[in-house]
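# Coordinates in review
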Amino acid sequence: VRWHGDVYHRKLPALYQQAGIKVLTSRHEILAMSTLEAAACGLPVITTEVGTIPDHPDIGITVPVGNHKALADAIYKLIHDPQRLKILRQSARDAAVREFSITGTAAHQRTLYKQLMDS
């Protein structure tokens, strides 16, 4: 773990790309922007099962809120499994582009609007 203090937004991608994993232990969260930023940089996330994160398993691994053992186990297993880490890096990046890029978000909105208009 390395503490960087305040970091300008434009410097974040380089830091995300240097990191091994991102850990977010929120008790309440809808969808953390830092999670999406990490995924977009190919950084898998280990996070708690809050908000919409469990709906996006390609971004990383979720653990129950408050379960410190599950969190520690997930971190340990991922950092000691380079093949799984490599797969999750790619799937996190792919999911961020597919689901959260401007194109992906626009496609999702079009689908929602069409469903609403057809109902």
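Let us look at the structure shown here. (Residues numbered from 1 in each chain as written. Predicted model: local features only at pLDDT ≥ 70, side-chain atom pairs only at ≥ 80, totals over all residues. Heavy atoms only, no water.)

Here helix α4 (residues 82-100) crosses helix α5 (residues 102-118) at 50°, and the two axes come no closer than 4 Å. One element, α4, and the other, α5, form an angle in the oblique class. On α5, the residues touching Arg98, Glu99 and Phe100 of α4 are Ile102, Gly104 and Thr105. Its residues placed into classes, the contact of α4 with α5 shows two nonpolar, two polar and two charged. (Axes fitted to C-alpha atoms, helices over the stretch in contact; angles between N-to-C directions. Helix = DSSP H or I, 4+ residues; strand = E, 2+ residues; numbered from the N terminus. Parallel < 35°, antiparallel > 145°, perpendicular 65-115°, else oblique. Contact = heavy atoms within 4.5 Å. Nonpolar A, V, L, I, M, F, W, Y, C, P; charged D, E, K, R; others polar.)

Turning our eyes to something else, we now look at the side chain of serine 26. Summarising the element assignment, serine 26 is placed in the loop between β1 (22-24) and α2 (33-40). For serine 26, a relative accessible area of 12% translates into the label buried. Within the structure, serine 26 has its side chain in polar contact with the side chain of glutamate 29 (distance 2.7 Å). When neighbours within four sequence positions are excluded, serine 26 is seen to be in contact with Thr48, Val50 and Val65. (Buried < 20%, exposed > 50% of the residue type's maximum accessible area, 1.4 Å probe, protein only. Polar contact = N/O pair within 3.5 Å; in protein donor to acceptor, adjacent residues only side chain to side chain.)

The next subject is the packing of α2 against α4. Close contact between α2 and α4 brings their axes to 7 Å; oriented N to C, the two are set at 115°. Between α2 and α4, the contacting residues are Leu36, Ala39 and Ala40 on the first element and Ala92, Arg93, Ala96 and Phe100 on the second. When grouped by side-chain class, the residues that make up the contact of α2 with α4 number six nonpolar, no polar and one charged.

Here strand β2 (residues 45-48) shows a buried face lined by Val45 and Thr47 and a second buried face lined by Ile46 and Thr48. Bridging between β1 and β2 involves three bridges; their strand directions are parallel. Across the sheet, the residue bridging to lysine 22 is valine 45, located in β2. In this view, the connection linking β1 to its parallel neighbour β2 by way of α2 has right-handed handedness. Direction of pairing for β2 relative to strand β3 (residues 60-63): parallel, over a ladder of four bridges. Bridged to threonine 48 within β3 is valine 63. (Pairing = 2+ DSSP bridges. Right-handed = clockwise from strand over helix to strand, strands pointing away.)

With that settled, the discussion passes to the nonpolar core. The biggest cluster of nonpolar side chains holds 12 residues, and these are Leu12, Tyr16, Leu36, Ala38, Ala39, Cys41, Leu43, Val45, Ile59, Ala92, Ala95 and Ala96. Only α1 (12-18), α2 and α4 provide two or more residues apiece to this core. With near-sequence residues (within four places) excluded, valine 45 lies in contact with Lys22, Thr35, Ala38, Ile59, Gly60 and Ile61. Core analysis: the next-biggest nonpolar cluster, separate from the first, contains nine residues, Ile21, Ala74, Leu78 and Leu88 among them. (Core = buried A, V, L, I, M, F, W, Y, C linked by side-chain atoms within 4.5 Å.)

Considering all chains together, one arrives at four salt bridges under this definition. Among the salt bridges present, the one from aspartate 118 reaches lysine 114, with a minimum N-O distance of 2.9 Å. Placement of both aspartate 118 and lysine 114 in helix α5 is noted, with a separation of four residues, approximately one turn of the helix. Considered together, aspartate 118 and lysine 114 belong to a single accessibility category, that of exposed residues. Residues participating in the shared-partner salt-bridge network are Asp58, Arg98 and Glu99. (Salt bridge = Lys/Arg side-chain N within 4 Å of Asp/Glu carboxyl O.)

Keep in mind these numbers describe shape, not what the thing actually does.
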